[in-house]
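Next come the chains, spelled out residue by residue.
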Amino acid sequence: MTTKQLAPLFKPDTEQVLVRGLNAMTKACDALSKQNEEHLKDIEGMKKKIARLQERVLDNQNERE
């Protein structure tokens, strides 16, 4: 066998490369979507915490007056 005959055995065809790439991109997109959902939950929690802390600051200011 010459190297020209062996080349097609080790060289994936275009469709295989594209399918693998699409699968990888799909997994990456899913991971980013999940991470985005987690960040949105974190942001909501932080907003609530900020509101509570602002309320405490106002209460403390009113107690001093």
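Residues numbered from 1 in each chain as written. Predicted model: local features only at pLDDT ≥ 70, side-chain atom pairs only at ≥ 80, totals over all residues. Heavy atoms only, no water.

Student: What's the story with the overall build of the protein chain in this structure? I'm lost.
Tutor: The number of helices and strands found in the protein chain is two helices and zero strands. Burial statistics for the protein chain: of 65 residues in total, 0% are counted as buried. Of the roughly 6600 Å² that the protein chain leaves accessible, carbon and sulfur atoms contribute 58%. (Helix = DSSP H or I, 4+ residues; strand = E, 2+ residues; numbered from the N terminus. Buried < 20%, exposed > 50% of the residue type's maximum accessible area, 1.4 Å probe, protein only. Areas by Shrake-Rupley, 256 points an atom, 1.4 Å probe, with all protein chains shown as cover.)

Student: Teacher, can you tell me more about the pattern of salt bridges here?
Tutor: A side chain with one charge may pair with a side chain of the opposite charge, provided their charged atoms come close. For the structure on display, the rule yields one salt bridge. Between Lys 47 and Glu 44 there is a salt bridge, with the nearest N and O atoms lying 3.7 Å from each other. Separated by three residues within a single helix, Lys 47 and Glu 44 lie in helix H2 (residues 14-64), roughly one turn from each other. (Salt bridge = Lys/Arg side-chain N within 4 Å of Asp/Glu carboxyl O.)

Student: When you look at the environment of Thr 26 in this model, what are you seeing that I'm missing?
Tutor: By secondary structure assignment, the location of Thr 26 is in helix H2. Given the relative accessible area of 39%, Thr 26 is considered partly exposed. Polar contacts involving the side chain of Thr 26 include one to the main-chain carbonyl oxygen of Leu 22, which spans 2.8 Å. (Polar contact = N/O pair within 3.5 Å; in protein donor to acceptor, adjacent residues only side chain to side chain.)

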